[in-house]
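Spelled out from the first residue to the last, the chains are:
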Amino acid sequence: MTAKASHQIATDNHHLQRILDATHHNPFEYLGSHQDAKTKRWQVRVFIPTAEQVWLNNGKNWQPMQQAHAQGLFIYESDNPISTPAPLQVQPKGQTSRYETLDVYGFDSTVSADDLYLFAEGRFYQAYNTLGAVPMQVNGVAGVRFAVWAPNASRVSVVGNFNQWDGRIHAMRVIGSTGVWELFIPHLTEHDLYKFEIRNREHGYVMLKADPYGRAFEPRPGTANRICHSEYTWQDDGWLQQRQQHDWLHAPFNCYEVHLGSWQRDPNGHFMGYRAMAEALIPHLLEMGYTHIELLPIAEHPLNESWGYQVTGYFAPTQRYGSPDDLKYFIDRCHAANIGVILDWVPGHFPKDDWALARFDGTALYEHADPRLGEHMDWGTYIFNYGRNEVRSFLLSNAYYWLQEFHIDGLRVDAVASMLYLDYSRKDGEWLPNVYGGRENLDVIEFLKQLNMMVGERFPGALTIAEESTAWPAVSRPVYAGGLGFSMKWNMGWMNDVLTYMQLDPVYRQYHHNRLTFGQMYAYSENFVLPFSHDEVVHGKKSLLEKMPGDDWQKFANLRLLMTLQMTMPGKKLNFMGNEIAQRREWRVNQSLDWHLLEDTAAEHDMHRGIQRVCKDLNWLYRQQSALHAHDFDAQGFQWIDCEDAAQSILSYVRRGKDHSFVIILLNFTPVPRHQYRLGVPQSGYYQELFNSDAACYGGSNVGNGSGCPSDPVPWMNQPASISLNLPPLGGVILQLQ
């Protein structure tokens, strides 16, 4: 035997052993059809551990293959190339059946070099069409192309119910030095389950991982991905075209924040599906007058109690409520009803579940290895490594995916403050400064700017909203002007000040009057949303109603007053579900809202119906009155009449619209009615009472001014005229010049 022949045998044995051991980084080098460089003979090798015999179609007939190894290697040799078109047809026979299939190692790579370049650059906005499980046709054969980024793996395999979860059968090939592994598997069906089996190159550990780009999961408690192909036909072209022209800066934005699993359950206490929610929830939104709905995170997550914020499937709508196409139906129906859909998006951290993103290829791939950069100690989660280009491609393409594939109208970005600050919730020695010695996360700043520019350029009219609780400057200012580029920012300072004030006994409120007025010092530094969110009605904080002081009548009156304040102050609006019915208990994620509060005929339940009607009337008034929304972000839309009446705990101000219209708001934060209260007004005339939170139909004491009151030629409060009116206890009124 010549030295070359011995070398070839050794090489073949080396390849074979790596195939048998499931350690081969590119099984295409050995399996499939190959020509011997010396003998020029053709050899076809297939590895099917479950087969007892295998036949090959050589283009003329079926020929038996020789079993070259007991563990499942079969070989066919010929002097001529196989004349049947690639890929090769084989017929394995197991213990019970003989079936026909195609050799997966006969398909060429379908991942383009351009896509891989963009991915490595951190600019691949549609990475989900390359990575993950993508149904497609190759050489006229329908199947699924799998691709996954695992640069520190020595071997990656696709395993699933179609190959008995055996990592030896469908080993993938790595594409050059990109760290991306790829394999096309023909004839998989819509509902086949799969994962990636990954062997780390350094320590040899084998891990079973869900697909980071997987678009669907099996039902809980299983954690496998499901092959998914959408067949949904959208009907919202008109909505999307209108959205591009929508002047959201000057339009009403009143958002209803919803957790789909606990808004309402079916009669058996089970989840309602996306389609059922469309039939139940959308009519509620329409009747109440909300312009948008914000969905708490609906990407796949294993634990209900995380509220969706511990994401394990960033590209997969949770199967709790149905399929991805079911979710598209829900969004489509919202758009048909002229309701925008905002998605709560979580790019700040991810859980440590060992089957998901954490230590994905055996190393800190999506996260930082150093816990001073890579772990949220408070939440027990990992922090994304925003400086790694492939991670940015993952996150940016995820945002693109929801906007493009699900027609989402905006992203509410969770926990932005925790992303921006390297020392967020950390003590000295528990964090690392940036290259300039500061505490700002420079990689996050660039990521957020890139995100917001992408959304603005690719999805005109779509919004990005930051949950950012600090004084970080210019969060909602354009990137070209030095800002982060968000459309809007939650005003957490206003929310905390107002709720702290409202929880005080009215006798003490006069000493804390500045909590109501201080917000105007910075109200126009950002495009603010005034939020009463889910975070304010959990963890012992009590519901909005139970935060209010006093007896039951005062609690409801205070809540009506609080809603009046929110809906008339500058800023867009957000309320969590249950606020609009004055839910008494805190929100419980595994239980429906207490809709029975609206059904009973008892007097107490009249009060709950009164709150619902207050919210409904304020919502519609906010939408209909330009003065209440046109200049939410502009100081010209607001003017104090009197912000200094702390002794009586009274506020009065003017809101102005683009059409020179205006309304006057007068709020009394004590249970003492103020009769014949003189209020300065900017113009003479008759002032109609548009709204009174103390009206009898809301459950109030009905102290008011009937149809309205005329002005007197008496200058007052630095205004040219004034009116004398009755100001209800713990009540607010809205007046308009007729």
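Just so you know, these numbers come straight off a predicted model, no measurement behind them.

Undergrad: How should I be thinking about the sheet that holds strand S13 (residues 180-186) in this particular structure?
TA: Paired through their backbone hydrogen bonds, the strands of a sheet run either parallel or antiparallel. Read from one edge to the other, the open sheet built from four strands follows the order S9-S10-S13-S12, with strand pairing classed as antiparallel. Since the sheet does not close on itself, it has two edges, and those belong to strand S9 (132-138) and strand S12 (173-174), each with one partner. Two elements, S9 and strand S10 (residues 141-149), share seven bridges in a ladder whose sense is antiparallel. Within S10, the residue paired with Gln137 across the bridge is Ala142.

Undergrad: What am I meant to see in the confidence of the model for the chain here?
TA: The share of residues in the chain with pLDDT of 70 or more is 98%, and the mean pLDDT across the chain is 95. Within the model, pLDDT remains below 50 along residues 1-9, and this stretch shows four contacts once partners closer than five positions in the same chain are excluded.

Undergrad: Any chance you could explain the packing of helix H5 (residues 274-288) against helix H6 (residues 324-336) here in plain terms?
TA: Two packed helices can be described by the angle between their axes and the distance between those axes. It is at 8 Å that the axes of H5 and H6 come closest, and there the two elements cross at 20°. Classified by the angle between their axes, H5 and H6 sit roughly parallel to one another. The way H5 lies across H6 gives a crossing that is right-handed. Of the residues in H6, those touching H5 at Tyr274, Arg275, Met277, Ala278, Glu279, Leu281 and Ile282 are Asp325, Asp326, Leu327, Tyr329, Phe330, Arg333 and Cys334. Residue composition of the contact of H5 with H6, by class: nine nonpolar, no polar and five charged.

Undergrad: So what exactly am I meant to see when it comes to the side chain of Arg243 here?
TA: Within the element layout of this structure, Arg243 appears in helix H3 (residues 237-245). Only 3.2 Å separates the side chain of Arg243 from the backbone oxygen of Ile408, close enough to count as a polar contact. Ignoring anything within four residues of it in the chain, the contact list for Arg243 reads His407, Ile408, Asp409, Phe459, Pro460, Gly461 and Ala462.

Undergrad: Sorry, what's going on with the pairing of strand S2 (residues 42-47) here?
TA: Put simply, side chains in a regular strand alternate between the two faces of the sheet. With five of six residues buried, S2 is to be regarded as a mostly interior element. Note that strand S1 (residues 32-35) and S2 share four bridges and pair antiparallel. Within S2, the position partnered with Gln35 by the bridge is Trp42. The sheet contact formed by S2 and strand S6 (residues 73-78) spans six bridges and is antiparallel. Along S6, the bridge assignment pairs Arg45 with Ile75.

Undergrad: Just to check I follow, could you spell out the environment of Gly32 for this structure?
TA: You can see Gly32 is positioned in strand S1. On the basis of relative accessibility, which here comes to 0%, the residue Gly32 falls in the buried class. In this structure the C-alpha to C-alpha distance between Gly32 and Asp428, which are 396 residues apart in sequence, comes to 58 Å.

Basis of the calculations
- Residue indices begin from 1 for each chain and proceed along its sequence in written order.
- Reporting in this predicted model follows two pLDDT cut-offs: at least 70 for local features of residues, and 80 or more for side-chain atom pairs to be given and counted; totals over whole chains, interfaces and linings ignore these cut-offs and use all residues.
- Calculated side-chain values reflect all of the structure's heavy atoms, with hydrogen atoms and water omitted.
- The criterion for strand pairing is that DSSP finds at least two bridges linking the strands in question.
- Helix and strand labels come from DSSP, where a helix needs a run of H or I of at least four residues and a strand needs a run of E of at least two; each type is numbered from the N terminus.
- pLDDT expresses, on a scale from 0 to 100, how confident the predictor is about each individual residue.
- Note on definitions: a residue-residue contact is assigned when non-hydrogen atoms from the two residues lie within 4.5 Å.
- Between N-to-C directions, angles span 0 to 180 degrees; the directions come from axes that are lines fitted to C-alpha atoms, helices contributing only their stretch in contact.
- Reported orientations rely on four angle classes, namely roughly parallel under 35 degrees, roughly antiparallel over 145, roughly perpendicular from 65 to 115, and oblique for the rest.
- Left-handed describes a crossing whose near helix is turned anticlockwise from the far helix by less than a right angle; the clockwise case is right-handed.
- Under the grouping applied here, Gly and all other residues not named as nonpolar or charged are polar, the nonpolar ones being Ala, Val, Leu, Ile, Met, Phe, Trp, Tyr, Cys and Pro and the charged ones Asp, Glu, Lys and Arg.
- Here a polar contact means two N or O atoms within 3.5 Å. Within protein one must be a hydrogen donor candidate and the other an acceptor candidate, and residues neighboring in sequence count only if both atoms are side-chain atoms.
- Each residue gets one of three labels from its accessible area relative to the maximum for its type: buried under 20%, exposed over 50%, partly exposed in between, using a 1.4 Å probe on protein chains only.

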